[in-house]
Amino acid sequence: MSLFEHDFMIRALIGALITGAAAPAIGIYLVQRRLSLIGDGLGHVALTGVGVGLLTNQSPVLMAVLAAVVGAVVIELVRERGKTSGDIALSMLFYGGISGGVVLVNLSDAQSNRSLVTYLFGSPLTTSRQDLTVMLVLGAIVLAVAVLLRPWLFAVCHDEEYARVSGLPVRALNLVLAITTAVTVTVAMRAVGLLLVSALMVVPVATAQQITRGFKVTMLAAVLLGLLASGGGVWVSAQVDTGPGATVVLLAIAGFFAVTVGAGLVRAVRRRTGAQRQSENGYRYAYVDK
């Protein structure tokens, strides 16, 4: 009997695939801006929203979205200042977020520890129809922003000063990117967890960069790799009974190392072949001269 004959497995797979597509699509902009770990920080902040939701009997996902969005706006405004004090402010925001989240979750109910682990490390097998609907809507918004605003977001991420001189609304685009990142974090909350979402934003992009050239092609390859890691991780976790979120991330990292080693071998073979051809051509020319 196939595991995917069960409704909960189908929902888990769909939720993981949504995350696998959305996270690298927005993550490529963060990698371009050298903000690869911002997803991890926003995950800390989002945990406070989860705690508020559980404590007040509101939707944890909705509260996490609101908390992450507020955190993203604060982070962007602090980053814009570009001062050393900004690092201290961000550290307090991140660690205060996760500490506040733990406290609030522990105050919520008797199942608090189980709830905390679920949100920190993901639990796609418990994804409900309502959760899946929210993920579909938010994932579609993230993909729409990543694709439709690609030329402008790329310009800002590549050279912010040039984009500002060119007349682009740099602050607005930065805020859009920050808020979209926050939404992505909450989309991935069920699939891989708040502490592991940053990996799914970054690792497929880093893997794609080993074998592609050009921003558009790299984005497409990263999304495909994210889908493979997410879908494959859910399947492997069901087969060997491991944590789905952690399995997805480990599979993505294994793919990175496999591609890196393979690309290195291909480059080495090409260099060796090119050197041999140059050497043969040199001997041929020397023979002709004689």
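Fair warning: this is a prediction, and the values are worked out from it, not measured in the lab.

### Things to note about the overall build of the chain
Turning to step 1, where the next piece is worked out: A count of helical and extended segments in the chain gives 12 helices and 0 strands.
Turning to step 2, where the next piece is worked out: Mapped in sequence order, the helices and strands of the chain form the string α-α-α-α-α-α-α-α-α-α-α-α.
Turning to step 3, where the next piece is worked out: Within the chain, buried positions represent 44% of all 290 residues.
Turning to step 4, where the next piece is worked out: Intrachain contacts of the chain at a sequence separation of at least 6 include 75% that bridge at least 24 residues.
Turning to step 5, where the next piece is worked out: Working note: accessible area of the chain is about 15000 Å², and carbon and sulfur atoms make up 65% of it.

### Considerations on the side chain of T180
Turning to step 1, where the next piece is worked out: On the secondary structure map, T180 appears in helix α9 (residues 170-187).
Turning to step 2, where the next piece is worked out: At a separation of 2.6 Å, a polar atom in the side chain of T180 contacts the main-chain carbonyl oxygen of V176.
Turning to step 3, where the next piece is worked out: Other than its neighbours up to four places away in sequence, T180 contacts I26, V142 and V145.

### Re helix α2 (residues 38-55)
Turning to step 1, where the next piece is worked out: For α2, spanning 18 residues, the distance from its first C-alpha to its last is 26 Å, which sits close to the expected 26 Å at 1.5 Å a residue.
Turning to step 2, where the next piece is worked out: When you tally the buried positions in α2, you get 14 out of 18 residues, the bulk of the element.

### Notes on the environment of T242
Turning to step 1, where the next piece is worked out: In this fold, T242 is placed in the loop between α11 (215-240) and α12 (244-289).
Turning to step 2, where the next piece is worked out: T242 sits in the partly exposed class, given a relative accessible area of 37%.
Turning to step 3, where the next piece is worked out: Not counting residues within four places of it along the chain, the set of residues in contact with T242 comprises S237 and T247.

### A short note on the side chain of T218
Turning to step 1, where the next piece is worked out: Of note, T218 is situated in helix α11.
Turning to step 2, where the next piece is worked out: Relative accessible area serves as the criterion here: at 6%, T218 is assigned to the buried category.
Turning to step 3, where the next piece is worked out: Other than its neighbours up to four places away in sequence, T218 contacts I28, V205, A208, Q209, T212 and R213.

### Notes on the packing of helix α6 (residues 129-148) against helix α7 (residues 150-158)
Turning to step 1, where the next piece is worked out: For the pair α6 and α7, the least separation of the axes is 5 Å and the interaxial angle reads 70°. With respect to each other, α6 and α7 are oriented roughly perpendicular. On α7, the residues that touch V145, A146, V147 and L148 of α6 are R150, P151, W152 and L153.
Turning to step 2, where the next piece is worked out: Split by residue class, the contact of α6 with α7 holds 7 nonpolar, no polar and 1 charged.

### Re the pattern of salt bridges
Turning to step 1, where the next piece is worked out: For the coordinates displayed, the defined rule picks out 3 salt bridges.
Turning to step 2, where the next piece is worked out: A salt bridge links E160 to R33, with the nearest nitrogen and oxygen atoms 3.0 Å apart. A residue pair is termed long-range when its members are at least 10 positions apart, and E160 in helix α8 (residues 160-165) and R33 in the loop between α1 (7-32) and α2 qualify at 127 residues. Neither E160 nor R33 differs from the other in exposure class; each is buried.

### Describing the nonpolar core
One recurring pattern in soluble globular proteins: nonpolar side chains tend to sit buried together.
Turning to step 1, where the next piece is worked out: Formed by 63 residues in total, the largest nonpolar core has its most connected members in Y29, V50 and V192.
Turning to step 2, where the next piece is worked out: When residues of this core are assigned to their parent elements, the largest contribution, 10 residues, is made by α1.
Turning to step 3, where the next piece is worked out: Each residue touching V50, except ones within four places of it in the same chain, is listed here: P60, A64, V105, Y119, M189 and L194.

### Here we look at helix α10 (residues 197-209)
At 3.6 residues per turn, the α-helix brings residues three or four places apart onto the same side.
Turning to step 1, where the next piece is worked out: Helix length check: α10 (13 residues) gives 19 Å between terminal C-alpha atoms against 18 Å at 1.5 Å per residue, within 8%.
Turning to step 2, where the next piece is worked out: Of all the residues in α10, the buried ones are V197, S198, L200, M201, V203, P204, V205, T207 and A208.

### Details of the packing of α6 against α9
Turning to step 1, where the next piece is worked out: Remark: α6 packs on α9, axes separated minimally by 10 Å, with the N-to-C direction vectors making an angle of 145°. Both α6 and α9 take part in a crossing whose hand is left-handed. Two secondary-structure elements touch here, α6 through M135, L138, G139, V142 and V145 and α9 through V176, T180, V183, T184, T186 and V187.
Turning to step 2, where the next piece is worked out: Split into classes, the residues belonging to the contact of α6 with α9 amount to 7 nonpolar, 4 polar and no charged.

Conventions adopted
- Residues numbered from 1 in each chain as written.
- Predicted model: local features only at pLDDT ≥ 70, side-chain atom pairs only at ≥ 80, totals over all residues.
- Heavy atoms only, no water.
- Helix = DSSP H or I, 4+ residues; strand = E, 2+ residues; numbered from the N terminus.
- Buried < 20%, exposed > 50% of the residue type's maximum accessible area, 1.4 Å probe, protein only.
- Contact = heavy atoms within 4.5 Å.
- Areas by Shrake-Rupley, 256 points an atom, 1.4 Å probe, with all protein chains shown as cover.
- Polar contact = N/O pair within 3.5 Å; in protein donor to acceptor, adjacent residues only side chain to side chain.
- Expected span 1.5 Å × (residues − 1).
- Axes fitted to C-alpha atoms, helices over the stretch in contact; angles between N-to-C directions.
- Parallel < 35°, antiparallel > 145°, perpendicular 65-115°, else oblique.
- Nonpolar A, V, L, I, M, F, W, Y, C, P; charged D, E, K, R; others polar.
- Salt bridge = Lys/Arg side-chain N within 4 Å of Asp/Glu carboxyl O.
- Core = buried A, V, L, I, M, F, W, Y, C linked by side-chain atoms within 4.5 Å.
- Left-handed = near helix turned anticlockwise from the far one by under 90°.

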